[in-house]
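Close look at the chain arrangement
For reference, the chains in residue letters:
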Amino acid sequence: MKQVTLLLLAVGCLLMPGKGRAQEFLISGRTLDIHGEPLPFTTIRVGETALGASSDAEGNYKLRLPAGRHVLTATLVGYLPATRTVEGSGEQRLDFVLRADTIRLQEATVRGKSQARQLREGTYQVSTLDVRSAASRTTDLGTLVNRTAGVRLRLEGGLGSDADLSLNGMSGNAIRYFIDEIPLDIQGEGTTLTHLPVGAIERIEVYKGVVPPHLGSDAMGGAIHIVTRKEKQNYLDASYSIGSFHTHVADVNGLYIFPRTGIIVKPSIGIKYSRNDYTMRAMELWDDAAGAYLPRDVKRFHDDYFSLSAEAEVGIEHRSWADAFYLSGGYHQTDKDLQSGSIQTIVYGMAERQEKAGNIAVRYSKRDFLTPGLGVNILLSHTWDKSVTIDTAYRKYSWDGTYIRTSRNEITGGARQRRHYDRPLTIARLNADYRIKEKHHLNFNYLLHRSGNRRNDDLDEEFVPSDDVLAKHIFGLSYNRTWLDGRLAGNLFAKDYLNHVKAGQKDLSWITNSDEVPEKTTKHYAGYGAGIRYAFGEWLAVKASYERAVRLPLAKELLGNGVTIYANLALQPEKSHNANAGIYGEAEWNGRHSVSYEANAFFRKTEDYIRAVLSESDGTIQYRNESDVTTRGAEGRIGYRYGDLLSLSANATYENARNMDPLNEEGKPSITYKNKIPNKPWLFANAEASLALPDLPCRGSQLGISYFYQYVHWFFLTWEGYGSLDSKARIPTQHLHSVAVTYTWGKDRYHIALGCDNLFDSKLYDNFMMQKPGRSFHCKLRVYIHK
């Protein structure tokens with residue numbers, strides 16, 4: 001139990017490096033093959049001790065040792081071990097060069113492969129986006145995700161607006177977000193992809209349909225997993241961009257390792273601001289001279305957005321008692337003017353929303369914990385999350401900024417409001433992975449997600465304060481196995497969900513259904529699934545997966561936000577049968593040409609489908625259940641590369657989500673039976689072409705040129721069964737063209753990028769037919785300093 005004792009003393013070890021630490025020295029270097037190419041995830045062991053390290057994705061490693069003589073051995077399956085002897089007390093560099101083991105090479109496991117390739121060769125349907133390669137030209141992670149097969153990210157306006165993600169037929173809150181395997185709302189409920197500093201992110205993993213149990217999720221349609229940078233070298237990455245509509249984005253992140261103690265510090269900060277004053281086209285405004293409403297182009301006048309995201313992590317790695325131990329803290333703030341409701345015919349001129357969140361966390365990981373083959377990851381965090389919506393103006397605005405005085409507030413039509421929400425969040429996670437043998441292992445995951453929901457109002461005397469609680473306990477157990485030298489892989493898993501709700505709010509019972517449910521409820525649900533993959537070779541592999549999934553309602557769906565979203569306390573969890581099947585492969589020839597492809601089909605049969613229902617009279621939303629929704633669809637992607645010079649790719653997605661309940665809520669035949677789910681794109685595609693010209697105009701530099709195209713087929717805004725064909729509201733077919741030029745020089749230290757979105761200034765729409773910005777430009781400057 002020595003490891004347990006040392007874990008309890010970890011904080012003291014961090015803050016008080018004793019005399020023993022002064023006798024340690026630091027070894028660092030790289031693991032390479034005989035051609036000088038990095039060998040990632042190589043294990044370095046120190047004699048027969050428990051000390052050791054593992055190289056990162058770039059082949060870099062660091063290891064702290066007691067003063068004296070040590071024998072270090074680097075091992076990687078498929079390669080012969082390399083042994084080096086080191087002796088001394090000062091900082092030293094030691095590289096390992098491993099030669100391929102021609103006898104055992106075909107037994108090589110995925111340990112030497114990139115993480116993206118490991119995921120692709122797994123049993124789950126997952127796409128991996130390399131953020132690092134696009135960091136110089138990208139200011140928003142959402143833009144990258146939106147170009148992925150099967151994914152549509154839909155905004156209600158410009159920078160900082162509310163977003164809705166659609167993934168293989170499921171959308172909105174059915175998709176869960178994680179950062180380093182932890183729910184993203186650890187940074188506050190309002191944190192989205194657009195808030196995160198691009199420079200701090202390594203890659204994004206998009207899980208479609210079936211979500212692996214180790215993420216501890218009750219996601220229904222998939223998950224977005226954001227992975228931060230993991231390299232262990234001192235660096236500073238700073239960027240600033242300026243763009244149309246008075247947009248400014250600044251990111252700074254870095255890493256520093258103190259030589260004497262080995263303490264690692266990882267700070268990150270991101271600031272974003274935009275006035276979002278883009279033109280709204282053909283808005284109906286009253287014309288006194290004509291005595292009628294006439295279309296006119298006007299600018300948004302009350303849509304300022306500011307966000308601040310700051311994180312700092314301090315810890316140590318490669319100790320006998322811990323592979324990693326980190327303490328972290330963060331602060332996140334968002335100030336947002338509210339320009340309109342969820343539909344653009346409802347205009348606000350003074351309403352605003354402010355959000356502030358702070359969080360602290362501790363995480364610990366250890367391989368061979370207590371027994372060989374057992375790895376554990378433990379996290380405990382708490383978030384203080386507060387928001388306030390201010391709606392005190394008795395006015396009704398038009399799009400030209402004029403208004404008339406009224407006797408009601410702007411958003412809800414009631415009394416003046418200063419509505420506070422306090423949503424403290426506690427997350428605890430335990431993940432244990434036991435590798436029985438090299439080819440099969442067990443994984444257990446437990447996640448506690450407890451959020452409060454305290455609300456009050458400073459001004460509205462009729463508002464009834466309340467204190468609600470939502471607590472989820474999610475258990476997951478999976479078994480993973482490979483056969484036939486890794487060509488065949490499979491897994492089985494089970495999930496258990498325990499959901500506790502304490503709903504204190506009782507007002508507006510005719511809307512929220514608070515009189516139909518008890519104040520406290522605790523319910524249990526179960527899920528299960530399996531996946532399989534068989535590789536015929538690099539050129540062809542097939543995979544399939546299935547999950548009986550359960551998704552518990554989020555706090556804002558069940559309890560509302562007190563202003564623009566009404567509570568629905570009778571809302572039921574979604575339950576679905578999710579199935580996926582696909583093929584993928586790649587081929588290379590002549591040493592420079594390569595083609596990759598993938599094609600997937602998916603099926604979702606969902607009970608109690610949770611859908612946002614919009615009130616066109618006041619622009620508010622309430623989430624409700626649709627008893628039976630069936631989704632069928634397919635997606636495909638193809639890519640071509642010519643060395644590092646040229647890259648071409650294209651993807652397309654078809655989704656057919658329909659209401660399959662023949663009866664309406666009153667038990668009568670439903671007019672929407674077999675209708676497509678409204679306000680959801682069902683056919684869309686993306687294409688991309690990138691050209692990289694090295695040593696132009698000078699040696700060591702690179703000029704990059706990229707072109708992006710996006711297509712979205714028209715779709716109905718409301719149920720297609722309502723009204724006559726001529727009167728049905730449609731969101732029209734859209735074509736989006738964008739270009740970017742990037743120049744890099746100084747050994748990848750300096751970067752400048754120029755970009756243009758919506759090149760042809762097309763009239764584009766998004767969620768609930770909200771107009772998107774027209775043509776815009778941006779310039780990004782980036783400096784990346786590293787040892």
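Within an unreviewed UniProt entry, the label attached to the chain reads TonB-dependent receptor, and the organism entered is Candidatus Odoribacter faecigallinarum. The record held by UniProt for the chain lists under Subcellular location (unreviewed entry) the comment "Cell outer membrane". Taken from UniProt, the Sequence similarities (unreviewed entry) comment for the chain reads in full: "Belongs to the TonB-dependent receptor family."

Along its length, the chain carries eight helices and 46 strands. Relative to the 2.2 N^0.38 estimate, which gives 28 Å for 787 residues, the radius of gyration of the chain is 27 Å and therefore close to what a compact globule would have. Principal-axis analysis of the C-alpha atoms places the extent of the chain at approximately 90 × 60 × 50 Å. For the chain, the residues scored as buried account for 51% of the 787 residues in total. Once local pairs closer than 6 in sequence are excluded, the contacts in the chain between residues at least 24 apart make up 65%. Accessible surface for the chain amounts to roughly 34700 Å². Of this, 57% is attributable to carbon and sulfur atoms. The positive charge centre, built from 96 side chains, and the negative charge centre, built from 90, are 5 Å apart in the chain.

Attention now goes to the packing of aromatic side chains. To describe a pair of aromatic rings, one takes the distance between the centres and the angle between the planes. The tally for this structure, following the rule as stated, stands at 17 aromatic pairs. Between Y446 and F475, the aromatic rings sit 5.0 Å apart at their centres with planes inclined by 40°, giving tilted as the arrangement. With a gap of 29 residues between them, Y446 in strand β30 (residues 440-457) and F475 in strand β31 (residues 466-483) connect regions that are remote in the sequence. Judged by relative accessible area, F475 falls into the partly exposed class, the value being 32%. Note that R592 overlies the ring of Y642, its terminal NZ or CZ placed 4.9 Å from the centroid.

Tallying each qualifying case throughout the model produces zero disulfides. Cysteine C756 remains unbridged, with the sulfur of C779 as its closest cysteine sulfur at 13 Å. Given a relative accessible area of 4%, C756 falls into the buried group.

Bringing the sheet that holds strand β5 (residues 68-75) into the picture now. On the basis of which strands lie adjacent, the open sheet formed by four strands has the order β3-β2-β5-β6 and antiparallel pairing. Unpaired on one side and paired on the other, β3 (52-54) and β6 (82-88) mark the two borders of the sheet. Strand-to-strand twist of the sheet, defined as the mean angle between neighbouring strand axes without regard to direction, takes the value 20°. Relative to β3, strand β2 (residues 43-46) runs antiparallel, the two sharing three bridges. Bridged to T43 within β3 is S54.

Moving on, we come to a nonpolar patch on the surface. Judged by side-chain polarity, I378, L430, Y434, I436, L442, F444, F475 and L477 come together as a nonpolar surface patch covering roughly 600 Å² of accessible area. Among the secondary structure elements, those contributing two or more residues to the nonpolar patch are β29 (425-437), β30 and β31. With three residues, β29 is the single largest residue contributor to the nonpolar patch. Secondary-structure assignment places L430 in strand β29.

Our next topic: the pattern of salt bridges. Tallied over the entire structure, the rule returns 31 salt bridges. Of the charged contacts, one joins E547 and K495 as a salt bridge, the two residues approaching to 3.0 Å between their closest N and O atoms. Here the residue E547 occupies a position in strand β34 (residues 540-551), and K495 occupies one in strand β32 (residues 488-502), the gap between them amounting to 52 residues. Judged by relative accessible area, which is 5%, K495 ranks as buried. With a shortest N-O distance of 3.4 Å, R548 and E607 are connected by a salt bridge. Here R548 is found in strand β34, whereas its partner E607 is found in strand β37 (residues 593-614), with 59 residues between them in sequence. One connected set of salt bridges, linked through shared partners, spans R176, D218 and K472.

Assignment of secondary structure puts T522 in strand β33 (residues 520-537). Once you skip the residues sitting within four places of it in the chain, T522 turns out to touch L498, N499 and H500. A polar side-chain atom of T522 sits 2.9 Å from a polar atom in the side chain of H500.

Quick look at the nonpolar core now. In this structure, L141, V145, I204, I224 and I226 are the most contacted members of the largest nonpolar core, which totals 31 residues. Counting residues per element, the ones that place at least two in this core are α5 (131-134), α6 (141-145), β10 (151-155), β11 (163-167), β13 (175-179), β15 (201-208) and β16 (222-228). In this view, I224 contacts V145, L165, I175, R176, Y177, F178, L193, I204, E205 and V206; residues no more than four positions away in its chain are not counted. Residues Y348, A351, I411 and I565 belong to the second largest nonpolar core, which totals 27 residues.

Let's shift gears to the pairing of strand β28 (residues 417-422). Judged from the six bridges that link them, strand β25 (residues 374-391) and β28 form a sheet pairing that is antiparallel. Within the sheet, the bridge partner assigned to D391 lies in β28 and is Q417. Both β28 and β30 contribute to a ladder of four bridges, which runs antiparallel. When the sheet's bridge partners are listed, D422 is paired in β30 with R454.

Time to look at the side chain of S307. Mapping S307 onto the fold places it in strand β22 (residues 305-317). Look at S307 and you get buried, because its relative accessible area is 2%.

It is a general feature of regular strands that their side chains alternate between the two faces of the sheet. Bridging between β25 and β29 involves ten bridges; their strand directions are antiparallel. By the bridge assignment, L380 is partnered in β29 with A428. Direction of pairing for β29 relative to β30: antiparallel, over a ladder of twelve bridges. In the strand pairing of β30, R435 is matched with H441. Taking the residues between adjacent antiparallel strands as the criterion, β29 and β30 are bridged by two residues.

What counts, and at which threshold
Residues numbered from 1 in each chain as written. Predicted model: local features only at pLDDT ≥ 70, side-chain atom pairs only at ≥ 80, totals over all residues. Heavy atoms only, no water. UniProt positions renumbered as here; feature names shortened; annotations may be inferred. Helix = DSSP H or I, 4+ residues; strand = E, 2+ residues; numbered from the N terminus. Rg over C-alpha atoms; globule rule 2.2 N^0.38 Å. Buried < 20%, exposed > 50% of the residue type's maximum accessible area, 1.4 Å probe, protein only. Contact = heavy atoms within 4.5 Å. Areas by Shrake-Rupley, 256 points an atom, 1.4 Å probe, with all protein chains shown as cover. Lys, Arg positive; Asp, Glu negative; His and termini not counted. Charge placed at Lys NZ, Arg CZ, Asp CG, Glu CD. Phe/Tyr/Trp six-rings, centres within 6.5 Å; stacked < 30°, edge-to-face > 60°. Lys NZ or Arg CZ within 6 Å of the ring centre and 35° of its normal. Disulfide = S-S within 2.5 Å. Pairing = 2+ DSSP bridges. Axes fitted to C-alpha atoms, helices over the stretch in contact; angles between N-to-C directions. Patch = residues over 30% accessible without salt bridge, like charges linked within 9 Å, V, L, I, M, F, W, Y side chains within 5 Å. Salt bridge = Lys/Arg side-chain N within 4 Å of Asp/Glu carboxyl O. Polar contact = N/O pair within 3.5 Å; in protein donor to acceptor, adjacent residues only side chain to side chain. Core = buried A, V, L, I, M, F, W, Y, C linked by side-chain atoms within 4.5 Å.

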